[in-house]
Amino acid sequence: HRHRRLKMFGLYLNVICITMSLLVFVKLCTTVNGKIADRKRTVTHHPHLNGDRGLEGSRYRTSSSRDAKSDSIRRESVSIAEKVADKIRAQREMRKTIENLKKSEERQQTAAKMPGGRIGALPDERRNLVGGTTSEGGDVELRINPKLRGSTKNDERILSGQLTGCCYTYKDDTAEDMCGYYDRDCAEGGGSGSSSEDEECSQVGLSFIGISFSVRTSNSNPNSYQLCDQYPMENIIDRDYKYIMSMDEDGWLVGGGYKTFDYSGKMPYIDSSHTELLRVGSIDPEHGGTSIDQVYAALKTIDFPPLKVFPEYVKGGGGGGDGGDEVPSMDVTFIVSIVEEYSNDENTSEYEKFLYDLFTAMDNVGGGPCMDDHDTDPHVSMARGLKFKSSQHQEEYFNSVNLEVAVWQAIYPQGVAIGSSSYAAFPINDSKASKQAVGYGALYFYFDRANITESFPPSRDLYDSELYYSQLFAQGKADNVYNNVDDIDFDYGGSNDRGDYEHNPYNWKAEMAEHDATDGWDLPPNCKQEGEAFLGIPLSRRSASILQGTPTFQEQFNFEYLLDRNFTYISKFGTNHGWLVGEQIGNGAGSIVDKDTAHIPLFYLGTTNVDMGGMSLSNFIKVTKMVDFGNLYIKPAFTFIDDFGHIRLQFEADSSSALGYLYNNLCQLLGIPWNYAQPSNKYNVYTHCAMHTAGDRANQGCGPDNENEGGFCPQMVIAYSVQFQSDDAVAEYLDMCNQYVDFWRKKYPSGVAVGTANFCKDGGCLGLFLNRFDLYQVFKPNLAGSWVNYNGGTTPPTISPAPTWVGGCKNKKNMHLDRCYIKTHHKLRKGDGSWENLGAFGQFSVL
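This structure is a prediction, so every number in the text was calculated from the model and none was measured.

How each quantity is defined
- Residues numbered from 1 in each chain as written.
- Predicted model: local features only at pLDDT ≥ 70, side-chain atom pairs only at ≥ 80, totals over all residues.
- Heavy atoms only, no water.
- Helix = DSSP H or I, 4+ residues; strand = E, 2+ residues; numbered from the N terminus.
- Buried < 20%, exposed > 50% of the residue type's maximum accessible area, 1.4 Å probe, protein only.
- Areas by Shrake-Rupley, 256 points an atom, 1.4 Å probe, with all protein chains shown as cover.
- Core = buried A, V, L, I, M, F, W, Y, C linked by side-chain atoms within 4.5 Å.
- Lys, Arg positive; Asp, Glu negative; His and termini not counted.
- Salt bridge = Lys/Arg side-chain N within 4 Å of Asp/Glu carboxyl O.
- Polar contact = N/O pair within 3.5 Å; in protein donor to acceptor, adjacent residues only side chain to side chain.
- Contact = heavy atoms within 4.5 Å.
- Disulfide = S-S within 2.5 Å.
- Pairing = 2+ DSSP bridges.
- Phe/Tyr/Trp six-rings, centres within 6.5 Å; stacked < 30°, edge-to-face > 60°.
- Lys NZ or Arg CZ within 6 Å of the ring centre and 35° of its normal.
- pLDDT = per-residue confidence, 0-100.
- Axes fitted to C-alpha atoms, helices over the stretch in contact; angles between N-to-C directions.

## With respect to the overall build of the chain
Looking only at helices and strands, one finds 19 helices and 22 strands in the chain. By residue count, 55% of the 847 residues in the chain fall in the buried class. If you sum the accessible surface of the chain, you get close to 37700 Å²; carbon and sulfur atoms cover 49% of it.

Here you go:
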């Protein structure tokens, strides 16, 4: 009996111990804060995720989109996740600024039921699911606070595959409202005022008749014309950045143009060097212009001899950027003159007679009032917005190039007829045009500065003495002159003397990333060369009105509605570029006929020249491939004109969106060292030339919820330096644009991830641009691969690490996903906080 009682007592004791252990376990399970990151993709929240169905990434999104074909079904099904989202949105509303709290209750309660979205599926509005988990186990306060979220640590998990939109805070606000929040004026701008002196001319144009100095060299664009054998224009530019720091996006306009993969990333245009003789202006007769046919007819009725050109000097002038701490910028110009030759004891030179005959012929064909009524002072524009490293570098440059001009003066003391022994076809992109001998002394009609459409030979051939000088340099007979000329005997003192200055790289500021492309950069420390490469969102579309082939990268926005092609409001573009979203063939203004280059720059990478402080293109691609980002949603905010007169479309700068998180990551990986912040990536490859710091974050960028001190400010430039017909025209134009912006804001209240069925079909891709003209590489969200997209061609992804694999949680490749982790780790294991707190006896009891 005693043995039986001891046995029963031991059994009772074991039952009590086990019961106590279970009670301790239950108690701890309800009080311990540690938990697995909850991304609302578990079976509990989404019971439809079964079997072989994709768990996240593109497979998940594709299957989800099939379940959401109609908006009515989505509106009728109110899930637990939506209730959570409503709660979090309410908390975010509580944190709005004072101005937003004054909004009516009606607007706060009116939420668009169709949240916009990417291709094939609309985004969730669950803001708390955009970013990563936190060290506090997914604290709501941290998830909904943009400033805290923007300063997350590198080792925090980023849930890039989450279906998410953006821009919920101001979803019901108009473009006019957004203008005020961003402290912009959407009724006026830097481009106001009329720019035409003749009331009968309502469109100022850039077409002209002139002489070409185009050359083709080993360092130039291979498509450049060789139309000038006399002046080696490449000798008066600084392609190696020995003296200069930066220029506008076009770079050197002379000396051969640029190859596509130039380290500087300048626009890959052919050589466009020339001197104007007559500015024809607009070629649209309806706006007071002169048609191309009229110009051709006039030139064919006159005779002119080969005109000789004499080199005068190279000078600087114009420009800007000399305020505050910035280095002054200037335009560099090669001054030339047309030699005045007389014959038969006449008092009128042949050049004066030519001008008289030309103006008479233009009048006879009905030339419009937009045409200049006088000849142009001969000069060759070499570069614009150029910044030297210092006043000393400026002095050395002008001394160097003017010594070269002194050599040319010695070679051609009486001037020389410009031309070449080569062959060329006009226009350059006309496959039907046959090549013809260039010859010497020809004049050319330029539709725009980069597009010669017709050549007109002189009325006679060169005399032998004239031909000797025109061929002297090409035959190598001028080499001895270089050895004999060692001083400059002419004055070039007009070269924009602005006193002593020197670039201080430590005056660089993060907000300089909001760049004026018509001016040069101020470079950060240890960067010796500028660069135009950047990461951004491609937005261009194919259009019948565009000359060059333009791939369609998105179907969500038609920016054609924002353009004034008929010059109802505008009168002039301040540069040779017209509408940056694509120019028309034969546009009346004579703007460069570019393809659509619409884009949103996000992160300026700088030069790809490693020797000058940059990073190689291959390393840029390698580092960007490792960035795990979600679908990039964007939402237009308003159209405005900035301080430079550029028309811009502002997009909402939501620092809590996938775009904001991507910016944060890029700064951490590729930003420059600044204020003790250092970049870090696993390849240990870095650049000194990015225009963003390693410590910059999206919440430091522009916008009402951000600090307005950083480089995050998503914008698209529509046109440069636009002048309008009147101040009223400015307001009317912006009002017209912002009406379309309001339409897009209502259509995509939660933003949209752009793409097409053939390009980035899941939406929200990132592009690597060599410059705004050349999209080179495309990166899909969620590490879904990348591919080369260059010169209009597209190849499949070069790598394709799929986010999920078939087989559901039975496939070991999916074990890292939350749903599979929870399913296979439902038992507590060593390493969990609650398990440690049970102690050895409690652990034994549970087991």
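## Structural notes on the nonpolar core
For soluble globular proteins, nonpolar side chains are generally found buried alongside one another. Counting 169 residues, the largest nonpolar core has W252, F334, F354, M382, L539, F559 and F724 as its most contacted members. Listed in part, the 11 residues of the second largest apolar core include F208, L227, I270 and A424.

## A look at the side chain of D229
Among the structural elements, D229 can be located in the loop between β1 (207-212) and β2 (244-246). We note that D229 is buried and unpaired, the nearest opposite charge coming from R216 at a distance of 8.4 Å. Within the local environment of D229, its side chain forms a polar contact with the side chain of Q226, the two groups lying 2.9 Å apart. A distance of 3.2 Å separates a polar atom in the side chain of D229 from a polar atom in the side chain of S420. In contact with D229, not counting residues within four places along its chain, are G419, S420, S421, Y440, S470, F473 and A474.

## Thoughts on the state of the cysteines
Evaluated as defined, the whole model comprises 6 disulfides. Residue pairing for C179: its cysteine sulfur links by disulfide to C186, the two sulfurs lying 1.4 Å apart. Judged by the torsion about the S-S bond (45 degrees), the C179/C186 disulfide is right-handed. Judged by its relative accessible area of 2%, C179 is buried.

## Side note on the pairing of strand β12 (residues 533-538)
Burial analysis of β12 places 6 of its 6 residues in the buried class, which makes it a mostly covered element. Of the strand pairs in this sheet, β12 and strand β14 (residues 599-606) are connected by 6 bridges, and their pairing is antiparallel. Directly across from A533, in β14, lies its bridge partner G606. In the sheet, β12 pairs with strand β19 (residues 766-769) via 3 bridges, with the strands oriented antiparallel. Following the sheet pairing, L535 is matched in β19 by L768.

## Some thoughts on the sheet that holds strand β4 (residues 308-317)
Pairing is antiparallel in the open sheet, where 5 strands are placed in the order β2-β6-β5-β4-β7. Of all the strands in the sheet, the pair left with one neighbour each is β2 and β7 (416-417). As defined by bridge partners, β2 adjoins strand β6 (residues 379-388) across 2 bridges and the pair is classed as antiparallel. From the neighbouring strand, I244 faces β6, where its bridge partner is F388.

## Looking at the packing of aromatic side chains
This structure, assessed with the given rule, holds 42 aromatic pairs. Between the aromatic rings of Y351 and F354, the centroid separation amounts to 6.2 Å while the plane-to-plane angle is 25 degrees, which identifies the pairing as stacked. Here Y351 pairs with F354, and both are found in helix α11 (residues 350-364), just 3 residues apart, close to one helical turn. With respect to class, Y351 is no different from F354; both count as buried. Ring centres of F567 and F573 lie 6.0 Å apart, and the angle between their planes is 90 degrees; this geometry places the pair in the edge-to-face category. For F567, a relative accessible area of 6% gives the class buried. Using a relative accessible area of 4% as the deciding quantity, one classes F573 as buried. Taken together, the aromatic side chains of F213, Y231, F334, W408 and Y412 make up a single cluster linked through ring pairs. Cation over ring: R460 sits above Y463, and NZ or CZ is 4.0 Å from the ring centre.

## Some remarks on unusual backbone geometry
Here F426 and P427 are connected by a cis peptide whose omega angle stands at -10 degrees. Mapped onto the secondary structure, P427 falls in the loop between β8 (419-424) and β9 (436-440). Positive phi values are uncommon outside glycine, yet N675 reaches one of about 50 degrees. Take N675: it is sitting in the loop between α16 (658-670) and β17 (715-719).

## Regarding the confidence of the model for the chain
Averaged over all residues, the pLDDT of the chain is 78; the fraction at 70 or higher stands at 69%. Low pLDDT (under 50) marks residues 24-81, which in the prediction has 95 contacts with non-local residues, meaning those over four places away or in another chain.

## Details of the sheet that holds strand β11 (residues 451-456)
The 4 strands are arranged β3-β1-β10-β11 in an open sheet whose pairing can be described as antiparallel. Of all the strands in the sheet, just β3 (274-281) and β11 have a single pairing partner and so form its edges. In this sheet, neighbouring strand axes are inclined to one another by 30 degrees on average, regardless of whether the strands run parallel or antiparallel. Across 3 bridges, the pairing between β1 and strand β10 (residues 443-448) is antiparallel. If you follow F208 over to β10, its bridge partner there is Y446. In the packing of α11 onto the sheet, the strands contacted are β1, β3 and β10, and the crossing angle to β3 comes to about 30 degrees.

## Quick word on the pattern of salt bridges
Evaluated as defined, the whole model comprises 14 salt bridges. When the shortest N-O distance is used, the salt bridge between K635 and E652 registers 3.7 Å. Taken together, the positions of K635 in the loop between α15 (617-625) and β15 (636-641) and E652 in the loop between β16 (647-651) and α16 put the pair 17 residues apart, joining distant regions of the chain. Taking relative accessible area as the criterion, E652 reaches 7% and is therefore assigned buried.

## Some words on the environment of P538
In this fold, P538 is placed in strand β12. As for P538 and G764, which are separated by 226 residues in sequence, their C-alpha atoms are 9.6 Å apart. Once you skip the residues sitting within four places of it in the chain, P538 turns out to touch F553, Q554, A598, H599, V754, F759, C765, G767, F769 and L775.

## Overview of the side chain of Q777
Position of Q777 relative to the elements: it lies in strand β20 (residues 775-779). A relative accessible area of 2% places Q777 in the buried class. A distance of 3.3 Å separates polar atoms of two side chains, one belonging to Q777 and the other to S786.

## As for the environment of R460
The topology assignment puts R460 in the loop between β11 and α13 (464-472). Residue classification places R460 among the partly exposed residues on the basis of a relative accessible area of 24%. As a C-alpha pair, R460 and P305 span 155 residues in sequence and 6.2 Å in three-dimensional space. Apart from the residues within four sequence positions on either side, R460 is in contact with P305, P306 and E466. Within the structure, the side chain of R460 is placed 3.1 Å from the side chain of E466, a separation counted as a polar contact.

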